[in-house]
Amino acid sequence: MQLKEIPITGIPYDQLYIEKIPAAPEYCRRPAELLPAGNRSVVVNPNRTCMPLGAMWAVLGVHGAIPFVQGAQGCTTYVRYTFCRVFKEPATIATASFHEDAAVFGGRRNLIEGIRNLVVRYWPELIGVVTTCSSEIIGDDMVSFLKMARANLRKEIGPERADGIPIVLVNTPSFAGSHVDGYDRASRAFVETLATTRNKPNDKVNIIPGLLYPGDIREIKHLLRHMGIEGIVLFDISDPLDAPLQPPVSLPYKPPGGTPVEAIRDMANSLATFALQPHAGQAGARYLERKFGVRAVVGPPPIGIQGTDAFLKALRELTGKPIPENLRQERGRLVDSLADTFHHTMMKKVAIMGDPDVVLGVTRFVLEMGMEPVALAGGTASKTFDHDVEAILAEGGYAGDPPLVVNGGDLLEFEEHLKQLPRVDLVIGNSRAVDIAKELQVPLVRVGFPIYDRFGYQKRAVVGYRGGEVLLAEIVNSILGYQYPDDRTHQL
Amino acid sequence: MELSVDMLPERRQHLQREGLPACNRPTLPGVVSQRACALYGARWMLAAIKDAIHLLHGPVGCAYYSETVRKKRYEVFSTALEEKDIIFGAGAKLATAIREGVRLRPAAAAVIVYTTCAAGLIGEDVTAICRQAEANLGVPVVPVNCPGFCGVSQGDGHEAAVTALLEHFIGRGADGPPLAKSVNILGEFDIQGDLKEIERLLQRLGVEVLCAVSGRATVAGLARARRAGLNLVHCGRTGRRLALEMAERFGIPWRKVSFFGLAETAAALRTIAAFFQCPEKATWVEEEIESAREKASPYLERLAGKRVGLFFGASRMGSMARAFRELGLEVVFCGSQFGCREDYAESRSRLGRETLMVDDAHERELEEFLHRYRPHLLVGGSREQFMAHKLGVPFLVFPQETAPYAGFNGFVNLAREVATFIGAPVWRLAAGSPAPG
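Residues numbered from 1 in each chain as written. Chains lettered and ligands numbered in written order. Predicted model: local features only at pLDDT ≥ 70, side-chain atom pairs only at ≥ 80, totals over all residues. Heavy atoms only, no water.

1. Observations regarding the confidence of the model for chain A
Residues at a pLDDT of 70 or more form 93% of chain A, whose mean pLDDT is 91. A low-confidence stretch, residues 6-22 of chain A (pLDDT under 50), is modelled with 39 contacts involving residues beyond four sequence positions or located in other chains. (pLDDT = per-residue confidence, 0-100. Contact = heavy atoms within 4.5 Å.)

Shown next as structure tokens:
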């Protein structure tokens, strides 16, 4: 990022910014009525992807589980590419490999043979069957196909071994919802299939983290550990998708960790279920509440001070355990960082994009920093997003202009809107906002899924107080690197 | 260790030590396949056409994933089908989307409409809608028939893309006499500057590249392609079909060449020089080879006797295998995701009888090959990469990450990178004595 014009001392903070090139020279204004995605049939650069990805993500977080995707080969390949790019880890995902015959005659043969082949090759501890648009459109009767697959398996490897492998079906037609909904559905499908009996209370809390990275999940475990609470993290990808390189490995390579199947069965016995991302995981928590009376605590994501406070307070209320001194100190350090850097972050105009829960969590955090959100885009259409944004703005006593809220929509809408604003200082979002930030000539702070153009973001945490410090530092440093000439950064 | 082939007897014919492996067959269900779908193949072929709108008729996921092809990110348009479109049909939506796309990007020279599984299954007449839109809008609107389930692999998407190229793009321009000493390069995708290196060599022969399909293609460039004096087929399967059709329609002669490795590049240059009867009988080729060999020699010393496993998309197998042998590496196994019989025959002729050849190997089999042959390097795409790392095997991503591998300079790059990968400290650290403590 090059400085175009060096600001002179004596300029008030809100005017301290660099003359920017607004857009590429060949930029021409788009027809105004076509700018909102709601007015269009065409979606330009979508800000969400399809349900199967969320479901595959979830299955990979279960110990020894392999997703089996009932669809064409591309449905697995694309997701494997995405996971490889983001996590830098192998992702073992089996395909039903639909070809023309499956499109005509249905996917029964593919499922029965496929389950058998998958089992004899990998001996998974669980199979998560994920449907796609093609299997849903041709109307595969998955429940009865799975019965046949099970019967076939019993014949081939004996009933004992065959019945030892649970199969969880997640219905994820790709033409509805998004990856966030796919994860949500998986959370429900897993507890519905596995956590079937409440027999003896275990004093644990269930955590459904949502689409959070391994680093984030480790941070949540850190919070639980210091609270002295035992937790069951459903879809714990922290080890499977961030595994150490320690040859020799036995074949086939199976990643370590993940939520044990037994732990998922035990979820019906817990004190409560925390769905940290309301849009991704709420369904599972609500199901357990309805069926077994396991209390559901839905959101907010533990990002920033108030977000993390809310999480810890809820844990305290539930278990009666006090918040220990060292977590208070972590909080104090984050508050200290906020105070130390407030003069850099205040009044900065920020645009935020990504999955709705991440956008909401980050919005609350940037308000704590005194920033002004000018546009918020949650790629997945949500019933509560607009309302949640209003609530967050009201709760912080935000007095600035209300931001543009894009609920669903695409990146074209977001970008064109940003181009029309007089000023944006910063974009916070995932890697798909790179082009937008470049076009606006402002820095991009990367948060959320997917981040494929930088390394290490999947290993760091942005949740919790310590994660807050990481994210805060990154936001502040990108502002410093961009807006302050070097001779003024010496005495910060 | 149980042998996976014994568990899945259907796979036995796909692994061959002497003859050619069975190929072009559907993937077995339930394996962790390295193949992609037809839509991916079509995107791979056509994504680089810069001045066209790329519109995916299907659910939003297909568009999301199709943005990133060949390590680059492209703008994509999508109809983002939803439940009601699946039930009531989405023809009208597609027609509107095309119109809106053109209004949003008025400078576009064409609209390319890709079909997906969903659009294929609900039975949309995409071709008719495109024809109608073309008549209404006055811009070429080109359907590419590539639902994900069609064909056995992404290879069939390449075919669909070639069909679209031939019918709607290539040779649309004004006829005229062949432009002197000009070539098209068919099946060259210009990954990390390969095309620039090839052009440099051709320039030394005085030959100009009209159009590279589709590494550097524009609608106008493709229309002009009919006036080339010669077609060079770089990537076999799709390139060959394009070449045959263009020979038939426009009478352009073609040659199969490869620019990977010293011998292949020299042979390619000789072929082209002979065709255009270039006067300077290319003494500079010998000089460049000499110079490349000299530059590569420190690396070659470190590579002698090392083993390598190759796993490619398709037809680069043969020429790359030869390049690796020139590096002094022994190719212990060699395979592809969707190679055809010609591809395997070409590789076999360059590898001899010792190499295990495998078609459509999936992840479990690759793991076993790595375990059994302990190659010093595996070459393949990024999905195999991290699995190889976990087993402690260095991995070279091809298409490459850093520098061109084509031409004489590319050979030096290849030697340097392979030697660096194999000798990297990380593998010693990973495999060595256990971590302290």
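Further notes follow.
2. Some points on the packing of aromatic side chains
Residue and element names in this part refer to chain A. Per the counting criterion, the structure on display carries 22 aromatic pairs over all chains. Ring geometry for phenylalanine 87 versus tyrosine 213: centroids 5.9 Å apart, planes at 80°, classification edge-to-face. Here the residue phenylalanine 87 occupies a position in helix H2 (residues 73-87), and tyrosine 213 occupies one in the loop between strand S6 (205-208) and helix H9 (214-227), the gap between them amounting to 126 residues. The class for phenylalanine 87 is buried, based on a relative accessible area of 1%. Given a relative accessible area of 5%, tyrosine 213 falls into the buried group. (Phe/Tyr/Trp six-rings, centres within 6.5 Å; stacked < 30°, edge-to-face > 60°. Helix = DSSP H or I, 4+ residues; strand = E, 2+ residues; numbered from the N terminus. Buried < 20%, exposed > 50% of the residue type's maximum accessible area, 1.4 Å probe, protein only.)

3. Observations regarding the pairing of strand S11 (residues 372-378) of chain A
Residue and element names in this part refer to chain A. For S11, the tally of buried residues reaches 7 of 7 residues, placing the bulk of the element in the interior. Sheet topology note: the strand S10 (residues 349-354)/S11 ladder contains 6 bridges and is parallel. Within S11, the residue paired with lysine 349 across the bridge is glutamate 372. In this fold, the crossover linking S10 to S11 by way of helix H14 (residues 356-368) has right-handed handedness. Handedness of the β-α-β unit built from S11, helix H15 (residues 385-395) and strand S12 (residues 404-407) comes out right-handed. (Pairing = 2+ DSSP bridges. Right-handed = clockwise from strand over helix to strand, strands pointing away.)

4. Concerning the environment of threonine 265 of chain B
Residue and element names in this part refer to chain B. Looking at the element boundaries, threonine 265 is found in helix H12 (residues 262-276). Sequence spacing of threonine 265 and alanine 323 is 58 residues, and the spatial spacing of their C-alpha atoms is 9.8 Å. The contacts of threonine 265, once residues within four sequence positions are left out, are Leu201, Ser258, Phe259, Phe260, Gly407 and Phe408.

5. Some remarks on the pattern of salt bridges
In this structure the tally under the stated criterion is 49 salt bridges over all chains. Across the pair lysine 390 of chain B and glutamate 89 of chain A runs a salt bridge, and its minimum N-O distance is 3.0 Å. Residue lysine 390 of chain B is located in helix H17 (residues 382-390), and its partner glutamate 89 of chain A is located in the loop between H2 and strand S3 (94-95); the two belong to separate chains. Of the two residues, lysine 390 of chain B and glutamate 89 of chain A, both sit in the buried class. For arginine 105 of chain B, the salt bridge identified is with glutamate 75 of chain B, shortest N-O distance 2.5 Å. Of this pair, arginine 105 of chain B sits in the loop between helix H5 (91-104) and strand S6 (110-115) while glutamate 75 of chain B sits in the loop between strand S4 (72-73) and strand S5 (77-78), placing them 30 residues apart in sequence. Overlapping salt bridges, with partners in common, bring together Arg30, Glu415, Glu416, Lys419 and Glu439 of chain A in one network. (Salt bridge = Lys/Arg side-chain N within 4 Å of Asp/Glu carboxyl O.)

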